[in-house]
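In case you want the letters, here they are:
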Amino acid sequence: MISHRSPDDGQPTVDDLDAALAGLRNAIAFPPTPELGSAVSRALATAPVVAPRSARSVFTLSWPRGIALASLALVLLLGAALSLSGDLRSAVADRLGLPGIWIELVDETPTVGPPSSPTSIGSTLLLGEPMTLAQTQAAVPYPIRLPATLGAPDEVYLRELTGGPMVALVYLARPGLPSAAETGVGALLMQFPAGPDSADIAKKVLFGEGPEPSGSLTEVDVDGQPAYWITGASELTILEDPSASYRDDPSRPSANVLLWAVGGITYRLETALPLTDALTLAASLAPAEGTGSRPALYYR
Amino acid sequence: MRASRGDAAAFEHLVLTHQDVAFRTAYLITGNPAEAEDAAQTGFLKAYLALCADRFRPGAPFRPWLLQIVANEARNRRAAAARRPALTLSALGDLPLPDPAPGPEAEAVASDRRGHLIDALNHLREEDRAVITYRYVLELSEAEMAAALCCRRGTVKSRLSRALGRLRGQLAGMDPSLTASHAGEDAR
């Protein structure tokens, strides 16, 4: 066994201290653990009634509505119970197959705050730090793509996600580009690298339980790539730590969104434009000129 | 997770599975068994209600999230009591040694060693003692430690490293019999 103390400073070595502490695993006297199960059960019996999610069958709520899963334009009109059904939630996520994106269908109205003011777009929309387009391009290892139909953005932001840096291009409302009530801007294009198992951006979409669902999820394509158009009241969260099981990251209301992924980069276009215009805008993406963009695509 | 669908029986099973670590985490914060029990019980109840209210990410590990809730409850109770915890760690008596036939002298040496180590832990400030006991005594994962300590996962390692450094300093300044005990152990 090696010495417990460093020869020079009289302290135990790190390894020996580690071993000694590991030996404490069963050596500390704790008070006996009280039996909490029955106490918790008694408390639950008198707690305010919370509607069990299991009582709201996915099938009775959703399938009778005649969903055509095989349809090319796949519109999922799923009932409320989907939000807590892990298997079905995974099924939706798998069907989307968009790295870095986590979609949940919920039946509670997301928190709706006031539209962002022009001076605080970056913070209220959770976009990160404002930068110039050239500065941003120099800071990210993939070419920033701009929608040719809109040209240069009014504002550019950079935020670090777990999968890599996210660039957000902000286009203020103008003729032909209406302001979205949820964001206060005309269009917001996020682009970021993400692995197949990562989920940096979560979006809760209100589907509701009434006779008509509030939201819709439509499968479309952008340049031959699968894409999804999600409408309805929703809430966006950018996760500080996607591996954490708790949710205390800031959220904000989200406008309709078009999602797709190309070359290891996930794109998220948030706008009040109708779907056809959003698709035109998405199809017009091209690398920004004069920003020192790097030629190679960024694959993970 | 059945418990997330409002299945109280499934949740009671979760309580039985995690009540030890929840209670001990709370005890290390409050230093008081009754307050630790209240904190753990309230933590479980809040976890159940949060599950029903869709505040748990499906598929994510349950324990770190539970420990975060329980630790917050414990800290709130300690703050409400307006006092610092009077927790002092102590050793269980007559623990068997890993060596199958250590003999009474070796047992005494090992017991002495544990005693000095626990004594040194008790001399640490609360934050340092917490991160070390979470790691070595409760054997929490990094995510669980971050949840219980209410810090980011990235800072857990640095906090543990600094706490271990201060513990080494404590041990260096303690009874020289620690050296003797280990010299004896080294000689075996």
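Source: prediction; values computed, not measured.

About the criteria used
Residues numbered from 1 in each chain as written. Chains lettered and ligands numbered in written order. Predicted model: local features only at pLDDT ≥ 70, side-chain atom pairs only at ≥ 80, totals over all residues. Heavy atoms only, no water. Helix = DSSP H or I, 4+ residues; strand = E, 2+ residues; numbered from the N terminus. Buried < 20%, exposed > 50% of the residue type's maximum accessible area, 1.4 Å probe, protein only. Contact = heavy atoms within 4.5 Å. Areas by Shrake-Rupley, 256 points an atom, 1.4 Å probe, with all protein chains shown as cover. pLDDT = per-residue confidence, 0-100. Core = buried A, V, L, I, M, F, W, Y, C linked by side-chain atoms within 4.5 Å. Domains from an automatic or database assignment.

A. Up close: the overall build of chain B. Secondary structure summary: chain B contains 8 helices and 0 strands in total. Mapped in sequence order, the helices and strands of chain B form the string α-α-α-α-α-α-α-α. In chain B, which comprises 188 residues, the share counted as buried stands at 51%. Sequence separation of at least 24 residues holds for 70% of the intrachain contacts in chain B that already meet a minimum separation of 6. Accessible surface computed for chain B: about 8,400 Å², of which carbon and sulfur atoms make up 51%.

B. How the structure looks around the confidence of the model for chain A. Residue and element names in this part refer to chain A. Here chain A shows a mean pLDDT of 70. Residues at 70 or above account for 58%. Of all helices and strands in chain A, the one with the weakest mean pLDDT is helix H3 (residues 58-61) (21), whereas strand E3 (residues 145-147) scores best (95). Here residues 48-95 is a poorly scored stretch, pLDDT under 50, and it has 92 contacts once near neighbours within four places are set aside; other chains count. Here residues 292-300 is modelled with pLDDT under 50, and outside its nearest four sequence neighbours on either side it reaches 25 contacts, counting other chains as well.

C. The nonpolar core, seen in detail. Residues Leu21(A), Phe11(B), Ile132(B), Tyr134(B) and Leu167(B) are the most contacted members of the largest nonpolar core, which totals 64 residues. Here this core spans two domains, since at least three of its residues come from each of domain 1 (2-80) and domain 2 (98-187) of chain B. Sequence-distant contacts of Leu167(B), that is, excluding residues within four places in its chain, are made with Leu17(A), Leu21(A), Leu117(B), Ala120(B), Leu121(B), Leu124(B) and Ile132(B). Among the nonpolar cores identified, the runner-up in size contains 29 residues, and Val140(A), Leu146(A), Trp260(A) and Leu285(A) belong to it.

D. Inspection of helix H5 (residues 126-137) of chain B at higher detail. All names here are of chain B. Here H5 lies mainly inside the structure; 10 of its 12 residues are buried. When H5 is considered as a whole, its buried residues turn out to be Glu126, Asp128, Arg129, Ala130, Val131, Ile132, Thr133, Tyr134, Tyr136 and Val137. With its phi angle positive at about 55°, Glu139 sits one or two positions after the end of H5.

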